[in-house]
Amino acid sequence: MQTTFTAQQLADPLTARSNEILRTCVHCGFCTATCPTYKVLGDELDSPRGRIYLIKDMLENSRVPDAKTVQHIDRCLSCLSCMTTCPSGVHYMHLVDHAREYIEANYRRPLPDRLLRWMLAKILPYPGRFRLALRGAKLGRPFRRLLPDPRLRAMLDMAPRDIPPPSLNDRPQVFAAQGARRKRVALLVGCAQRALNTDINDATIRLLRRHGCEVVVPKGLGCCGALTHHMGRTDESHAMAAANIRAVMAEVKGGGLDAVVINTSGCGTTVKDYGHMFAGDPLEADATRVAALAKDITEVMADLGLKDTTHAAPLRVGYHAACSLQHGQQIKATPKELLADAGFTVLEPKDSHICCGSAGTYNLMQPAISAELKSRKVSTLEAIRPQVISAGNIGCMMQIGSGTGVPVVHTAELLDWATGGPRPRALSEALA
């Protein structure tokens, strides 16, 4: 694609990076075949190729974004399926992230939108605030029909039936390895996940310790910055990311680390991109180091190898491939291979490359499109008749779980069970 940025515009590193990406695109349109919003809406401007044209026009002309452009960019899930499909290697993630930052800085949204986005940014990344909000949502659910905005109704619907108390395991501490120590790893305990489902971190810690890992929860860890980063709120996202970088590097320079283990794939995609996010910043070297250490829990377990996988029932597991895992991190076969090694029969649904519609805050800000994608995903999963659904991302788990009666658990919970841990709570409740 030909671009016409001026030398002055290209002096900005973000614009220079976007220029590189735009010039890689050859207009082939392969991306439209795997774009969830294009499949649902059928509008070229709701495809990656259409959005690329909109972003190019907006950035080249340094213009104030118009409502039409903002609408189509907002409708993007950032599922990154287009990056897997693209034969030219267009790095759409960096391009759309730049567009969102540009829109946030140059477009004045209607007041209800500004208030909603402010509320999400000030609540979701903070487990204590989020837990209180979830309790409030449960109380407000009987009155959901009185709310005029479907996005507010979606927020009420998000609250789980049971809100777990805080887990003591999420506090800064060190868990000793069982047996000979093979690795020393830090666990990114997350933010929203700590309010929605504490079983995931608990299972992850047990699984790692059982396989010879000393597990550190570093002091100062918090939200990775993904939620606000994908809303274009760069100052907030970078402040959160910087705090995590400093927390991890304190452990690297202290007892040392072999990996930063992440069990929420949406976070993993962002942490692995810290080097790009902090390019030209004094923290760039440390950010790049942390990004290199970041590993999904399944990557670490594949390296360690599962042992004594005789404890779980040989259930039929419907594997949901989270977009941030299969597209953002290009981790596709590893989780399925681990589940099979653990004694489960692994089933994969039709159109497994298509997003479930969760996508961070997307199901709250674009509830209609999200609901359609959830319906399609649940339908394909239930068609393979699984006894349990496994996923590697809390957002996907909540999204799919709200649309099916099949229990949905984290991959780490099943691996923990298979190697000697307790049966996952969601599975136990379903079988009770």
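Analysis parameters
- Residues numbered from 1 in each chain as written.
- Predicted model: local features only at pLDDT ≥ 70, side-chain atom pairs only at ≥ 80, totals over all residues.
- Heavy atoms only, no water.
- Helix = DSSP H or I, 4+ residues; strand = E, 2+ residues; numbered from the N terminus.
- Buried < 20%, exposed > 50% of the residue type's maximum accessible area, 1.4 Å probe, protein only.
- Lys, Arg positive; Asp, Glu negative; His and termini not counted.
- Charge placed at Lys NZ, Arg CZ, Asp CG, Glu CD.
- Phe/Tyr/Trp six-rings, centres within 6.5 Å; stacked < 30°, edge-to-face > 60°.
- Lys NZ or Arg CZ within 6 Å of the ring centre and 35° of its normal.
- Pairing = 2+ DSSP bridges.
- Axes fitted to C-alpha atoms, helices over the stretch in contact; angles between N-to-C directions.
- Contact = heavy atoms within 4.5 Å.
- Core = buried A, V, L, I, M, F, W, Y, C linked by side-chain atoms within 4.5 Å.
- Salt bridge = Lys/Arg side-chain N within 4 Å of Asp/Glu carboxyl O.
- Parallel < 35°, antiparallel > 145°, perpendicular 65-115°, else oblique.
- Left-handed = near helix turned anticlockwise from the far one by under 90°.
- Nonpolar A, V, L, I, M, F, W, Y, C, P; charged D, E, K, R; others polar.

A.B. asks: Talk me through the overall build of the protein; I want residue IDs and the actual numbers.
C.D. replies: Assigned secondary structure in the protein consists of 25 helices and nine strands. When its C-alpha atoms are laid out on the principal axes, the protein stretches across 60 × 50 × 40 Å. For the protein, the residues scored as buried account for 57% of the 432 residues in total. The centroid of the 52 positive side-chain charges in the protein is displaced by 4 Å from the centroid of its 41 negative side-chain charges.

A.B. asks: Please provide a residue-by-residue account of the packing of aromatic side chains, values included.
C.D. replies: Describing an aromatic ring pair means giving the distance of the ring centres and the angle of the ring planes. Tallied over the full model, the rule gives two aromatic pairs. Consider the rings of Tyr-274 and Phe-278, whose centres lie 6.2 Å apart with planes at 80°: the pair is edge-to-face. When sorted by exposure, Tyr-274 lands in the same class as Phe-278, which is buried. Both rings, one in Phe-344 and one in Trp-417, keep their centres 6.2 Å apart while their planes meet at 40°; by these two values the pair is tilted. Of this pair, Phe-344 sits in the loop between helix H20 (333–341) and strand S7 (345–347) while Trp-417 sits in helix H24 (residues 411–418), placing them 73 residues apart in sequence. We note that Phe-344, like Trp-417, is buried. The ring of Tyr-126 has Arg-129 sitting right over it, with the charged end atom 3.9 Å from the ring centre.

A.B. asks: So, the sheet that holds strand S8 (residues 388–391): which residues are in play, and what are the values?
C.D. replies: The strand order across the open sheet formed by four strands is S7-S6-S8-S9, and the pairing between neighbours is parallel. Only two strands of the sheet have a single neighbouring strand rather than two, namely S7 and strand S9 (408–410). Across the sheet, the mean angle separating the axes of adjacent strands is 35° when strand polarity is ignored. As defined by bridge partners, strand S6 (residues 316–319) adjoins S7 across three bridges and the pair is classed as parallel. In the sheet register, Arg-316 faces S7, and the bridge partner there is Thr-345.

A.B. asks: Explain the sheet that holds strand S5 (residues 294–296) to me, and be specific about the residues and the numbers.
C.D. replies: Spatially, five strands are ordered S1-S3-S2-S4-S5 in an open sheet, and the strand pairing comes out mixed. What marks the edges here is a single partner per strand, and that holds for strand S1 (173–175) and S5. Direction aside, neighbouring strands of the sheet carry axes that sit 30° apart on average. Where strand S4 (residues 259–262) lies against S5, three bridges are found, and the strand directions are parallel. Considered in S5, the bridge of Val-260 is made with Ala-294. Contacts from helix H12 (residues 199–210) reach S1, strand S2 (183–188), strand S3 (213–217) and S4, with the element oriented near 145° to S3. Packed on one face of the sheet, helix H17 (residues 284–293) meets S4 and S5 and runs near 25° to S5.

A.B. asks: So what about the nonpolar core? Which residues, and what values?
C.D. replies: Generally speaking, a soluble globular protein has its nonpolar side chains buried in company with each other. Of all hydrophobic cores here, the largest spans 69 residues; its most connected members are Leu-208, Val-215 and Phe-344. Ranked by residue count, the leading element in this core is H24, at five residues. Among the nonpolar cores identified, the runner-up in size contains 26 residues, and Ala-241, Ile-245, Val-271 and Phe-278 belong to it.

A.B. asks: Give a description of unusual backbone geometry that names residues and reports values.
C.D. replies: In this model, Ser-62 sits at a positive phi of 45°, which is unusual for a non-glycine residue. Tracing the chain through its elements places Ser-62 in the loop between helix H4 (48–60) and helix H5 (67–74). Even without a glycine there, the phi angle at Asp-308 is positive, about 50°. Along the chain, Asp-308 turns up in the loop between helix H18 (297–304) and S6. Relative accessible area serves as the criterion here: at 48%, Asp-308 is assigned to the partly exposed category.

A.B. asks: Outline the environment of Glu-413, supporting the account with residue identities and numerical values.
C.D. replies: With respect to the element layout, Glu-413 can be found in helix H24. Owing to a relative accessible area of 6%, Glu-413 belongs among the buried residues under this scheme. Once residues within four sequence positions are removed from consideration, Glu-413 is found in contact with Asp-199, Ile-200, Ala-203, Met-397 and Pro-424.

A.B. asks: Any chance you could break down the side chain of Arg-100 for me, citing the residues and the numbers?
C.D. replies: As for its position among the elements, Arg-100 is in helix H7 (residues 92–106). Although Arg-100 lies buried, it forms no salt bridge, and the closest oppositely charged side chain, Asp-97, sits 4.5 Å away as judged by the N-O distance. Leave out the neighbours within four places in its chain, and Arg-100 touches Ile-73, Asp-74, Cys-76, Ser-78, His-230 and Gly-232.

A.B. asks: Account for the packing of H12 against H24, with residues named and values stated.
C.D. replies: Interaxial distance between H12 and H24 falls to 8 Å at its minimum, and their mutual angle equals 45°. When the axis of H12 is compared with that of H24, the two are oblique. Both H12 and H24 take part in a crossing whose hand is left-handed. Seen from H12, the contacting residues are Asp-199, Ile-200, Ala-203, Thr-204, Arg-206, Leu-207 and Arg-210; seen from H24, they are Ala-412, Glu-413, Leu-415 and Asp-416. Partitioning the contact of H12 with H24 into residue classes produces five nonpolar, one polar and five charged.

A.B. asks: Can you lay out the pairing of S4 for me, pointing to particular residues and giving the numbers?
C.D. replies: Burial along S4 is two-sided: Ala-259 and Val-261 facing one way and Val-260 and Ile-262 facing the other are all buried. Pairing between S2 and S4: four bridges, direction parallel. Across the sheet, Ala-186 pairs through a bridge with Val-260, a residue of S4.

Just distances and angles here, no functional claims.
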